[in-house]
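# Observations on the three-dimensional arrangement
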Amino acid sequence: MAGYKPVAIQTYPILGEKITQDTLYWNNYKTPVQIKEFGAVSKVDFSPQPPYNYAVTASSRIHIYGRYSQEPIKTFSRFKDTAYCATFRQDGRLLVAGSEDGGVQLFDISGRAPLRQFEGHTKAVHTVDFTADKYHVVSGADDYTVKLWDIPNSKEILTFKEHSDYVRCGCASKLNPDLFITGSYDHTVKMFDARTSESVLSVEHGQPVESVLLFPSGGLLVSAGRYVKVWDMLKGGQLLVSLKNHHKTVTCLCLSSSGQRLLSGSLDRKVKVYSTTSYKVVHSFDYAASILSLALAHEDETIVVGMTNGILSVKHRKSEAKKESLPRRRRPAYRTFIKGKNYMKQRDDILINRPAKKHLELYDRDLKHFRISKALDRVLDPTCTIKTPEITVSIIKELNRRGVLANALAGRDEKEISHVLNFLIRNLSQPRFAPVLINAAEIIIDIYLPVIGQSPVVDKKFLLLQGLVEKEIDYQRELLETLGMMDMLFATMRRKEGTSVLEHTSDGFPENKKIES
Amino acid sequence: MAAGGGGSCDPLAPAGVPCAFSPHSQAYFALASTDGHLRVWETANNRLHQEYVPSAHLSGTCTCLAWAPARLQAKESPQRKKRKSEAVGMSNQTDLLALGTAVGSILLYSTVKGELHSKLISGGHDNRVNCIQWHQDSGCLYSCSDDKHIVEWNVQTCKVKCKWKGDNSSVSSLCISPDGKMLLSAGRTIKLWVLETKEVYRHFTGHATPVSSLMFTTIRPPNESQPFDGITGLYFLSGAVHDRLLNVWQVRSENKEKSAVMSFTVTDEPVYIDLTLSENKEEPVKLAVVCRDGQVHLFEHILNGYCKKPLTSNCTIQIATPGKGKKSTPKPIPILAAGFCSDKMSLLLVYGSWFQPTIERVALNSREPHMCLVRDISNCWAPKVETAITKVRTPVMNSEAKVLVPGIPGHHAAIKPAPPQTEQVESKRKSGGNEVSIEERLGAMDIDTHKKGKEDLQTNSFPVLLTQGLESNDFEMLNKVLQTRNVNLIKKTVLRMPLHTIIPLLQELTKRLQGHPNSAVLMVQWLKCVLTVHASYLSTLPDLVPQLGTLYQLMESRVKTFQKLSHLHGKLILLITQYFIFFQVTASEKTKGATSPGQKAKLVYEEESSEEESDDEIADKDSEDNWDEDEEESESEKDEDVEEEDEDAEGKDEENGEDRDTASEKELNGDSDLDPENESEEE
């Protein structure tokens, strides 16, 4: 007996959004927790040490939040004016912050009053950072200067006056205690070396620089202004790539913990995730307001975004190890499965394999027993038609191939026929289903022509179908016209290629056709 | 931080726009908007009463304003005899309005005269004026400024009476004590001055950020056992920029306690605060705080000593638009200011935009913790304003001045500055004299509407939106642009698209072409436009074929079904028309009676007999189908037996199903029980 062959379900690729590893990874966060701050959140920084607390700078306060707390576990409010850029030291025990009045203050995480106050800037200090040796602090201010401070003596060591506009961002190298970079509104990013009194490198960004970032290796530099630009420092500041994926100024940058992904937040209310190998956008998040600050926790466990309206949005990664705890049904021992499997065939033995039991779908079982109407009913069930229309279409196609589609469609009452028509109305305009469904529609009309006008519900459906087909025809007519235009364009191309003796491009078009079909 | 830093860059800027209700009767609401206009609205009927533009409105924008107290007006009015209008009943009308500017000058504007009364400049401030307070009865004016000084003015002589340094940093707010002998000033700290000697009486800690408002909340001390010296024991309230807490302080007799007595918490920084004074011990203070997020919080509290926890509001008021239909969600309308009416039981709310606020009186009777008022403000626009303006002044504009409008570089904006409303008013007046015929005026209006159609305005922003949307792949933005139906608009937009966005646009269109024909038709319009407008550019692209290959294939595959689809369409049309004819027949049957339709049935038969044959050919394949029709025929025979009146139709041939169908269908409305029977037989 020949086995029954299940119906092959044709899968059709859809152009458009694809599900990649990245979308799965970045979508795997819980709904955000929103915390209202006292003003625009200008900086968020995670402590590099467990328990990975984070410091949020907003208005004249710095709040420290625990990883899952929604209330600040600590607050530094000893600022006379707006505070900026609260940053943790590498060991997570000290915190430094700038202020609108030009002061730089150093706090112990456990204390309340500042440990050190560095006075020297005459205008607002928007950026501060610790150097790699932990004993110095770099600060950049609106008085165009960049200063290096010594923590033990609380003294100024060096001053650089090379920028010609506000210094608004900066960061210190993680490897070399003497190197740090700053970005300024004079459109430049400069790299300074504490061993010399001048900048060692300067790149022209082209727009006011809002944020800079050094890769952990120190080889690549990312600067953000209107666009995000990546520079190769080892080649002396060569522009590698310019990312124009935001339509407003980019205000903050951040690297994922693996270093494989770069995140940028912008005033256009989006966070984009780039791959650092291809520099293509692999994912994008939407937020409610313009984004000013962005930070990722250790192992990307948490994404914290601060916005202009003072809202802090905290997203936690969904925990994965939940399913493991379910009690498992006791299975037969492994031994029973492999029993006799490793028996070697002797000379006179004839090996008879037990036929493998095939699992058939319900509609396949019906088809196998020639219950065609029932099979069609099964796939016309709303759950099937909405979720997997391709199965329905494949069954219709199979019935048509067998020549029994008319029989299967016939003899339905008002409710069933309106189900069929609903499916047609929903899917007739899809090019991948159209050939099969048009055929089915014709058969339905032929069958039910005599009873038209008996049920207002069915009549309405027919009217709808007619409207749809009319629209589709109009659309295709337009498309035909457009195709004519494109043919014209392509024709000019062909002629040009014919004249120039480039053979490999002349067959580009047919080749393309093959790929598509 | 180009745009986002608005809040963080300039912490000294006050949150809202300076505005105030006129004292006591609250008949007027004065508002100095950011474009330099001072507008005075009538609160009773929500009309624009006056509009005034100071000559230096761009260089020295108005930073604060204050109405002169009513008592002062009454006292002063006899001194100014020049005004005629003042003669009757004007004595209690509020008149003078003091405006502080960003350059340090103070202007006194008279609402009765509708023009500037005097200027206070000499010896005053040389920096931004932060706050102005009128003294209740001495006719003095106090002002404070970024130049760290507080100045006492004599309004009659327009001279400085006294000027002293108020703080080490800028002084941001002032308030005069209820008895008029003390002055509160807020700079880095809050200080209480004795006005006679100009000495500091008390210090208070203040806020971390500049104080935006100071107000006394009580006029009597809480316990009356002690002798009252006019100030001790009084409470006052302070709110600061970027601070969600309003602090309440008490003036104590001993100078030790410097911290706040209690505090009120609100959802965002306070923009406008109004309160009702409590005159005795039992009466609670009512407080209305308008926040930057557009909500009003109402507090009702008897001030009685120290309270550790911040108090939350008793009632919150919000205003939202009605959501039209299912999809559009209601949008919040920001409340701009709120003031208690004199009866203390209702609240005047000012909401909407700064340029056309709506003023409404809302009764406060409910105990509900949250009130959301639904208001439609879309319909109260310009026309109201034009009719209501009584006196309007505009600055003299140089005709050579250029107006810069944002747009994409390379394309010059086509927008001209909208003519100020006043011109229209003036032209109306003039028209009376110059005798312009109505015809001419109508003609002029027509031209106007043609020139300033929507397209001009929108195409200017559509290319920008589309370019940005393509750049950031913003779905909503692209939807907004691409779903337009206006062909003219599409053409203009495509024309202005920068060249480098053409290929991304085509790719986006490719993605959208594969949808439902309803939306895809629009995309074809775009595609056609792009192809026609940028044909020359596209034909120069070396990699055009690979770029557009997908698009071409997609379209071609879709068009493949055209023939079959047309065929199907033909069938459907036939079906539908048949249905409609049937309907007409039944309708006429109902109205006219049963004799006439017989002839109509004949007509239908003759027209469609050929179609029936072709149908038969197809139907030959399935026996079931044929059987079906036979069944139908026999049924119809039965029907006609029943229908004896119709002699003509019965006489015709029996074989033809089509004729029978129409005849039978006529009857089927009557006996529908045949229908299920039919179905069961088929199975």
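Here the structure is a predicted model, which means the values were calculated and not measured.

### Describing the nonpolar core
Ranked by size, the top nonpolar core spans 55 residues in total, and within it Leu-399, Ile-444 and Phe-462 of chain A together with Leu-568 of chain B carry the most contacts. In this view, Leu-399 of chain A contacts Leu-367, Ile-372, Leu-376, Val-404, Leu-405 and Ala-408 of chain A; residues no more than four positions away in its chain are not counted. Judged by nonpolar contacts, the second largest core, of 44 residues, contains Leu-489 of chain A together with Leu-509, Val-524 and Leu-541 of chain B.

### Focus: the environment of Leu-480 of chain A
As for its placement among the helices and strands, Leu-480 of chain A is situated in helix H10 (residues 456-499). Apart from residues no more than four positions distant in its own chain, Leu-480 of chain A is found in contact with Val-559 and Phe-562 of chain B.

### Regarding the confidence of the model for chain A
Low pLDDT means the predicted coordinates in that region are not meant to be read closely. With 92% of its residues at a pLDDT of 70 or more, chain A has an overall mean of 85. Across residues 500-517 of chain A the pLDDT falls below 50, and counting only partners more than four positions away or on other chains, this stretch makes 16 contacts in the model.

### Re a positive patch on the surface
Residues and elements named next belong to chain A. On the surface, a cluster of positive charge is made up of Lys-5, Lys-357, Lys-358, Arg-365 and Lys-368. As for its position among the elements, Lys-358 is in the loop between helix H2 (334-338) and helix H3 (362-368). The exposure class of Lys-358 is exposed, given its relative accessible area of 56%.

### As for the interface of chain A and chain B
Buried accessible area, meaning the area lost when the parts come together, often serves as the stated size of an interface. Between chain A and chain B, the contact holds 86 residues from the first and 87 residues from the second. Broken down residue by residue, the surface that chain A buries against chain B is led by His-247, Tyr-475 and Leu-489 of chain A, which jointly contribute 8%. One can count six salt bridges joining chain A with chain B. Across the pair Asp-243 of chain B and Arg-61 of chain A runs a salt bridge, and its minimum N-O distance is 4.0 Å. Counting the contacts that link chain A with chain B gives 14 residue pairs in polar contact (both at pLDDT 80 or more). With 28 residues, the single largest contributor to the side of chain A that touches chain B is H10 of chain A.

### Looking at the pattern of salt bridges
All names here are of chain A. Under the defined criterion, the tally for this structure stands at 27 salt bridges over all chains. Ionic pairing is found between Asp-142 and Arg-168, a salt bridge with its closest N-O pair at 3.1 Å. Linking Asp-142 in the loop between strand E11 (136-141) and strand E12 (146-150) with Arg-168 in strand E14 (residues 167-172), this pair joins segments that are 26 residues apart in sequence. Its relative accessible area of 8% is what places Arg-168 among the buried residues.

### Side note on the packing of aromatic side chains
Residue and element names in this part refer to chain A. Enumeration according to the criterion identifies 23 aromatic pairs over all chains in this entry. Measuring from centroid to centroid gives 4.6 Å for Phe-76 and Phe-107, while their planes differ by 40°, and the two rings are tilted. A residue pair is termed long-range when its members are at least 10 positions apart, and Phe-76 in strand E5 (residues 74-76) and Phe-107 in strand E8 (residues 104-108) qualify at 31 residues. Ring geometry for Phe-160 and Phe-180: centres 5.9 Å apart, planes at 70°, overall edge-to-face. Here the residue Phe-160 occupies a position in strand E13 (residues 155-160), and Phe-180 occupies one in strand E15 (residues 179-184), the gap between them amounting to 20 residues.

### So, the side chain of Asp-232 of chain A
Residue and element names in this part refer to chain A. Assignment of secondary structure puts Asp-232 in strand E20 (residues 228-232). No salt bridge forms around the buried Asp-232; measuring N to O, its nearest opposite-charge neighbour Lys-235 is 4.2 Å away. With residues near it in sequence (within four places) discarded, Asp-232 still touches Gly-219, Leu-220, Gly-237, Gln-238 and Leu-240.

### Quick notes on helix H12 (residues 544-559) of chain B
Residue and element names in this part refer to chain B. In this model H12 runs 22 Å from its N-terminal to its C-terminal C-alpha over 16 residues, within 8% of the 22 Å that 1.5 Å per residue would give. At Thr-550, H12 shows its strongest bend, of approximately 35°. Listed as buried for H12 are Leu-544, Val-545, Leu-548, Gly-549, Leu-551, Tyr-552, Gln-553, Leu-554, Met-555, Arg-558 and Val-559.

### So, the sheet that holds E15 of chain A
Residues and elements named next belong to chain A. With antiparallel pairing, the four strands of this open sheet are ordered in space as E14-E15-E16-E17. Either end of the sheet is taken by a strand with one partner, and the two such strands are E14 and strand E17 (199-204). Sheet twist, expressed as the mean angle between neighbouring strand axes with direction ignored, is 20°. One ladder, built from five bridges, connects E15 with strand E16 (residues 188-193); its direction is antiparallel. Across the sheet, residue Thr-182 finds its bridge partner in E16, namely Lys-190.

Parameters and conventions
- Residues numbered from 1 in each chain as written.
- Chains lettered and ligands numbered in written order.
- Predicted model: local features only at pLDDT ≥ 70, side-chain atom pairs only at ≥ 80, totals over all residues.
- Heavy atoms only, no water.
- Core = buried A, V, L, I, M, F, W, Y, C linked by side-chain atoms within 4.5 Å.
- Buried < 20%, exposed > 50% of the residue type's maximum accessible area, 1.4 Å probe, protein only.
- Contact = heavy atoms within 4.5 Å.
- Helix = DSSP H or I, 4+ residues; strand = E, 2+ residues; numbered from the N terminus.
- pLDDT = per-residue confidence, 0-100.
- Patch = residues over 30% accessible without salt bridge, like charges linked within 9 Å, V, L, I, M, F, W, Y side chains within 5 Å.
- Areas by Shrake-Rupley, 256 points an atom, 1.4 Å probe, with all protein chains shown as cover.
- Salt bridge = Lys/Arg side-chain N within 4 Å of Asp/Glu carboxyl O.
- Lys, Arg positive; Asp, Glu negative; His and termini not counted.
- Charge placed at Lys NZ, Arg CZ, Asp CG, Glu CD.
- Buried area = accessible area lost by both parts, 1.4 Å probe.
- Polar contact = N/O pair within 3.5 Å; in protein donor to acceptor, adjacent residues only side chain to side chain.
- Phe/Tyr/Trp six-rings, centres within 6.5 Å; stacked < 30°, edge-to-face > 60°.
- Expected span 1.5 Å × (residues − 1).
- Bend = angle between axes of the 7 residues up to and from the residue.
- Pairing = 2+ DSSP bridges.
- Axes fitted to C-alpha atoms, helices over the stretch in contact; angles between N-to-C directions.

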